[in-house]
Amino acid sequence: LKDWRNKGDYILVAPSSNTINSFVGQRSWEHETINFLKTKTDMPIRVRHKPRRKGKSGPAYADVPLEEDLKNAACVVTSCSMVSVDAIIQGIPVYCHARCCATPVAQSIDNFGNANYSTKRLDWLSTLSWHQYTQEEIYTGLFEEMFKEIHGSN
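Notes on the structure in this doc start here.

**Re the overall build of the protein chain**
Consideration 1: From N to C terminus, the protein chain includes seven helices and seven strands.
Consideration 2: For the protein chain, the N- to C-terminal ordering of α and β elements is β-α-α-β-β-β-α-β-α-β-β-α-α-α.
Consideration 3: Going through the 154 residues of the protein chain one by one, you find that 34% of them count as buried.
Consideration 4: The long-range fraction of contacts in the protein chain, counting pairs at least 24 apart against all pairs at least 6 apart in sequence, stands at 54%.

**Description of the packing of aromatic side chains**
Consideration 1: Across all of its chains, the model carries two aromatic pairs by this definition.
Consideration 2: Seen from their ring centres, Trp-4 and Tyr-117 are 5.6 Å apart, and the 80 degrees between their planes marks the pair as edge-to-face. Residue Trp-4 is found in the segment before strand 1 (10-14), and its partner Tyr-117 is found in the loop between strand 7 (107-108) and helix 5 (121-130); the two are separated by 113 residues along the sequence.
Consideration 3: Taking relative accessible area as the criterion, Tyr-117 reaches 40% and is therefore assigned partly exposed.
Consideration 4: Between the aromatic rings of Tyr-95 and Phe-112, the centroid separation amounts to 4.9 Å while the plane-to-plane angle is 45 degrees, which identifies the pairing as tilted. Of the two residues, Tyr-95 is situated in strand 6 (residues 94-96) and Phe-112 in the loop between strand 7 and helix 5; the sequence distance between them amounts to 17 residues. The burial state of Tyr-95 is the same as that of Phe-112; both residues are buried.
Consideration 5: Seen from the ring of Tyr-10, Arg-46 lies directly overhead, with NZ or CZ sitting 3.9 Å from the centre.

What counts as what
Residues numbered from 1 in each chain as written. Predicted model: local features only at pLDDT ≥ 70, side-chain atom pairs only at ≥ 80, totals over all residues. Heavy atoms only, no water. Helix = DSSP H or I, 4+ residues; strand = E, 2+ residues; numbered from the N terminus. Buried < 20%, exposed > 50% of the residue type's maximum accessible area, 1.4 Å probe, protein only. Contact = heavy atoms within 4.5 Å. Phe/Tyr/Trp six-rings, centres within 6.5 Å; stacked < 30°, edge-to-face > 60°. Lys NZ or Arg CZ within 6 Å of the ring centre and 35° of its normal.

What follows is the structure, given as structure tokens:
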């Protein structure tokens, strides 16, 4: 985990998919959020949409790597994007919807300007990791296999 950052050159807005935004009851989330942010700050706003190409999505389809968009971000604003996890690991404050997985260590968008510099990030990341595998995947050894692949055989 990197130390918390308290400055940057721009706000990175990372909208979730229309499906997720509809689920949380905010179909026009991107437009409304950008307009709201403009009432709170004159800092430049950079938007990062979920990378999509040829019917697929995810980091492998990004024209600009997420690390590049996070590089000089003062904060990340998202409804429920997983970009929030990467940002928090990088020490970048996050503002998000209450249903976002980052909520325990982030701040509500309504409280923009009052970042949450939580000291509980490691506990939060541990909890997230414990929810990534089913009991069957643990029992069959998939978790152990993937853990060893990432962290070595020790």
